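Topology and contacts: notes
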Amino acid sequence: MKPGEPVFYPLNGVGIFDSEVKRIFMDDTKAYYKVYFPLQKMTMFIPKDKEQKKGIRPLSTLEYLHETRKMFFEEFSRLPVMTSERHIILQERIESGDVTDVVTIIRDLICSPKYNLRLNGHDKYMLTTACDMLAHELMYAADISMKEAQVLIKKDIDLRLAE
């Protein structure tokens, strides 16, 4: 990562990589990524050794986002009826920060009425969070406003529901 480069961090969206810094904590020096999140107007220090686990990654290209969009119109996966099992699956997907996981969250949740799965509050929160994460990345990749990105996602949701 280079200073000024946009990066994606799950649940926080797109941030701007500032630098790699070292911090001393309890006689131990650790390396961190310093990332500024313009939408939230905050800076975070993300442990470098947890980069893979935390899901920080380079921003997706517009081409890659178009490829993952195709997944949105593929066969959906049935989510577990048990809310605790569903919660674990959705939480793992959202925390991965992987675009394909985010797209499948949206797809699988909006298709749930097709097999009589009623969404609870957590499911609806995950759906909103996934839509926001995707819109935020699309905004940067396509160089459009957040509102325009949200409209594009809403159009795809409406198309999927019309099937």
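Scoring rules and cut-offs
- Residues numbered from 1 in each chain as written.
- Predicted model: local features only at pLDDT ≥ 70, side-chain atom pairs only at ≥ 80, totals over all residues.
- Heavy atoms only, no water.
- Helix = DSSP H or I, 4+ residues; strand = E, 2+ residues; numbered from the N terminus.
- Buried < 20%, exposed > 50% of the residue type's maximum accessible area, 1.4 Å probe, protein only.
- Polar contact = N/O pair within 3.5 Å; in protein donor to acceptor, adjacent residues only side chain to side chain.
- Axes fitted to C-alpha atoms, helices over the stretch in contact; angles between N-to-C directions.
- Parallel < 35°, antiparallel > 145°, perpendicular 65-115°, else oblique.
- Left-handed = near helix turned anticlockwise from the far one by under 90°.
- Contact = heavy atoms within 4.5 Å.
- Nonpolar A, V, L, I, M, F, W, Y, C, P; charged D, E, K, R; others polar.
- Expected span 1.5 Å × (residues − 1).
- pLDDT = per-residue confidence, 0-100.
- Disulfide = S-S within 2.5 Å.

1. So, the environment of Thr61
- Checked against the element boundaries, Thr61 lands in the loop between strand E5 (57-58) and helix H2 (62-72).
- When its relative accessible area of 43% is taken as the criterion, Thr61 is described as partly exposed.
- Taking the C-alpha atoms as reference points, Thr61 and Ala142, 81 residues apart in sequence, are found 8.4 Å from one another.
- Polar side-chain contacts of Thr61 include one of 3.0 Å to the backbone nitrogen of Tyr64.

2. A short note on the packing of helix H5 (residues 121-142) against helix H6 (residues 146-162)
- Relative to each other, H5 and H6 sit at 125 degrees, their axes nearing to 8 Å. As the angle between them shows, H5 and H6 are arranged oblique. Along this stretch, H5 crosses H6, giving a crossing that reads as right-handed. When H5 is examined against H6, the residues Cys131, Asp132, Leu134, Ala135, His136, Leu138 and Met139 are found in contact with a partner set consisting of Met146, Ala149, Gln150, Leu152, Ile153 and Ile157.
- Its residues placed into classes, the contact of H5 with H6 shows 10 nonpolar, 2 polar and 1 charged.

3. Comments concerning the environment of Met44
- In this fold, Met44 is placed in strand E4 (residues 42-47).
- A residue is classified by how much of its surface remains accessible, and Met44, at 21% relative accessible area, is partly exposed.
- It is 9.9 Å that separates the C-alpha atoms of Met44 and Asn12, two residues lying 32 residues apart in sequence.
- Residues in contact with Met44, not counting those within four places in the same chain, are Tyr9, Asn12, Tyr33, Lys34, Val35 and Phe37.

4. Remarks on helix H4 (residues 99-110)
- Look at H4: 17 Å from first C-alpha to last across 12 residues, which is about the 16 Å you get at 1.5 Å a residue.
- Extensive coverage of H4 is indicated by the burial of 11 of its 12 residues.
- Considered for burial, the residues of H4 that qualify are Val99, Thr100, Val102, Val103, Thr104, Ile105, Ile106, Arg107, Asp108, Leu109 and Ile110.
- In the core, the buried residues of H4 are packed alongside E5, H2, helix H3 (83-96), H5 and H6.

5. With respect to the confidence of the model for the chain
- Model confidence for the chain is summarised by a mean pLDDT of 91, while 97% of its residues fall at 70 or above.
- Predicted confidence in the chain is weakest over helix H1 (residues 51-54), with a mean pLDDT of 59, and strongest over H4, with 96.

6. Considerations on the packing of H3 against H5
- As a packed pair, H3 and H5 sit with axes 11 Å apart at the nearest point and diverge in direction by 15 degrees. The pairing of H3 with H5 is recorded here as roughly parallel in orientation. At the point where H3 passes H5, the crossing takes the left-handed sense. Every residue of H5 that contacts H3 at Arg86, His87, Leu90, Gln91 and Ile94 is listed here: His122, Asp123, Met126, Thr129, Ala130 and Met133.

7. Regarding the state of the cysteines
- Under the definition given, this model contains 0 disulfides.
- The thiol sulfur of Cys111 is not disulfide-bonded, and the nearest other cysteine sulfur, from Cys131, lies at 12 Å.
- The class of Cys111 is buried, set by a relative accessible area of 0%.

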